[in-house]
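What follows is each chain in one-letter form.
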Amino acid sequence: MGSELIEAVRPSWLPGLVAVPRITIAGFAPLVRMQRYQIHSRIETGKVALHFSDVNEPVAALAYDLNRFASATFETVASMTRAAKLPKSAAWLCVQAYYGAYYAAHALVRSLGRTYSRLDQQDVRALNEIVDLFGMSNGSPLPVATYSGHLGHATRSFEISRAPDSRGGASHSGFWHFFLLEVRALQSRILTGSGLASQNQRAALKLHELCESLCREGYNHGAWLSAVRNEISYRHQRGCWYPYGYRRQDADRLYNVLPGWKQDTYSFDLNRNRRPELIDFLTTCVFLIALCRELVESIVDRRTVRHVFLEGGCIRLLCLMTQTDLASAG
């Protein structure tokens, strides 16, 4: 079931999301390649607006991306197990928790009608063909890059712009900056939105705590999680690899954070409480995973069609994971 936090976020969901019955377009990049849009204004440097006669098509594309990222989130969680012979080992726990959070954050922004997607050569070739067809080129074709975008449901336009630090490929730090800005904007909308002021304030405060967590250790653009992942994965720091830099009890505390992904998001304490930094890192990652779970459960609860698009994807995966948990408990 959706949480109180998700209920505060729900007014900002992409219109039509709960009415998508099945996946018909396999994501944002395939949507671009389909070329079923028009360009009504001359492109700016790295920016263009795609206008659709059928707004259901970009909604379906975002729904597909939401489902695939949520599925990747839950499958990552399912693979996070403790090695019996190496009970103090937590390197892969942290790396996998990071990727679960990264995929979850991608799913969350899709629910808001946003995208952060890589457009490869065939994608930008198709896009530039439509730009030229409508005579809207500025003489500089759109390049292969990562693009951030926003679907304006009322205007049926998908405005995309080149992510500022995406040269050479998709950037994790670039995505976290994009995500941070989206969460801050969401926080402001909640505070000024309808509903009970006390509930809105509580939700905005939790999102503020999330933003503070993303910006720890001076990473003011929101890339703290990515920085910790890099330290563990590439430089073998933080004591997670053999010989370990902590006691067995400390490792137990790290693994005890993981089951929280099934709990209510308001049960998470994202503030600094003199805990080990790895506990804070895992708590933030698992919070995002839990928020993604609450999101997809709430979409199913709010569906306006008999079978919403998630039921054959990430929701089915969640059910399989729950059955496994029950079997293990028995």
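Below is a summary of the structure that appears in this document. Everything quoted here is computed from the prediction, not taken from an experiment.

### Side note on helix H9 (residues 248-257)
- Taken together, the buried positions of H9 are occupied by Ala251, Leu254, Tyr255 and Val257. Seen along its axis, H9 keeps its buried residues to an arc of 150°; they face one direction.
- Buried-residue contacts for H9 involve helix H4 (91-111) and helix H10 (277-301).

### Digging into H10
- Helix length check: H10 (25 residues) gives 36 Å between terminal C-alpha atoms against 36 Å at 1.5 Å per residue, within 8%.
- The element H10 is largely enclosed, with a buried count of 23 among its 25 residues.

### Describing the pattern of salt bridges
- Evaluated as defined, the whole model comprises 20 salt bridges.
- In this structure, Asp120 and Arg118 form a salt bridge, with 3.1 Å as the shortest nitrogen-oxygen distance.
- Residue classification places Asp120 among the partly exposed residues on the basis of a relative accessible area of 37%.
- Relative accessible area serves as the criterion here: at 31%, Arg118 is assigned to the partly exposed category.
- Among the salt bridges present, the one from Glu231 reaches Arg238, with a minimum N-O distance of 2.6 Å.
- Each of the salt bridges in this network shares a partner with another, and the network as a whole consists of Glu217, Glu231, Arg238 and Glu277.

### Some remarks on the sheet that holds strand E1 (residues 47-51)
- Strand order in the open sheet formed by 4 strands is E1-E4-E3-E2, and the pairing between neighbours is antiparallel. Edge positions in the sheet fall to E1 and strand E2 (114-119), since each has one partner strand and no second. Neighbour-to-neighbour, the strand axes of the sheet open up by a mean angle of 25°, direction not taken into account.
- Inspection of the sheet shows E1 paired to strand E4 (residues 157-162) by 5 bridges, in the antiparallel sense. Residue Val48 lies in a different strand from E4, and its bridge partner there is Ile160.

### Brief notes about the packing of aromatic side chains
- Considering all chains together, one arrives at 23 aromatic pairs under this definition.
- Relative to Tyr99, the ring of Tyr98 has its centre 5.3 Å away and its plane inclined at 80°; by these criteria the two rings are edge-to-face.
- Taken together through their ring pairs, the aromatic side chains of Phe69, Tyr98, Tyr99, Tyr102, Tyr103, Tyr116, Phe175, Trp176, Phe178 and Phe179 make up a single cluster.
- Looking at Arg216, its charged tip hangs above the ring of Trp224, at a distance of 5.5 Å from the centre.

### Section: the environment of Glu57
- Counting through the fold element by element, Glu57 comes out in helix H3 (residues 56-78).
- For Glu57, a relative accessible area of 14% puts it in the buried group.
- Along the chain, Glu57 and Ile25 lie 32 residues apart, while their C-alpha atoms are 7.1 Å from each other.
- Those residues in contact with Glu57 that lie beyond four places of it in its chain are Ile25, Leu31, Arg36 and Phe52.

Parameters and conventions
Residues numbered from 1 in each chain as written. Predicted model: local features only at pLDDT ≥ 70, side-chain atom pairs only at ≥ 80, totals over all residues. Heavy atoms only, no water. Buried < 20%, exposed > 50% of the residue type's maximum accessible area, 1.4 Å probe, protein only. Helix = DSSP H or I, 4+ residues; strand = E, 2+ residues; numbered from the N terminus. Arc of directions from axis to C-beta. Contact = heavy atoms within 4.5 Å. Expected span 1.5 Å × (residues − 1). Salt bridge = Lys/Arg side-chain N within 4 Å of Asp/Glu carboxyl O. Pairing = 2+ DSSP bridges. Axes fitted to C-alpha atoms, helices over the stretch in contact; angles between N-to-C directions. Phe/Tyr/Trp six-rings, centres within 6.5 Å; stacked < 30°, edge-to-face > 60°. Lys NZ or Arg CZ within 6 Å of the ring centre and 35° of its normal.

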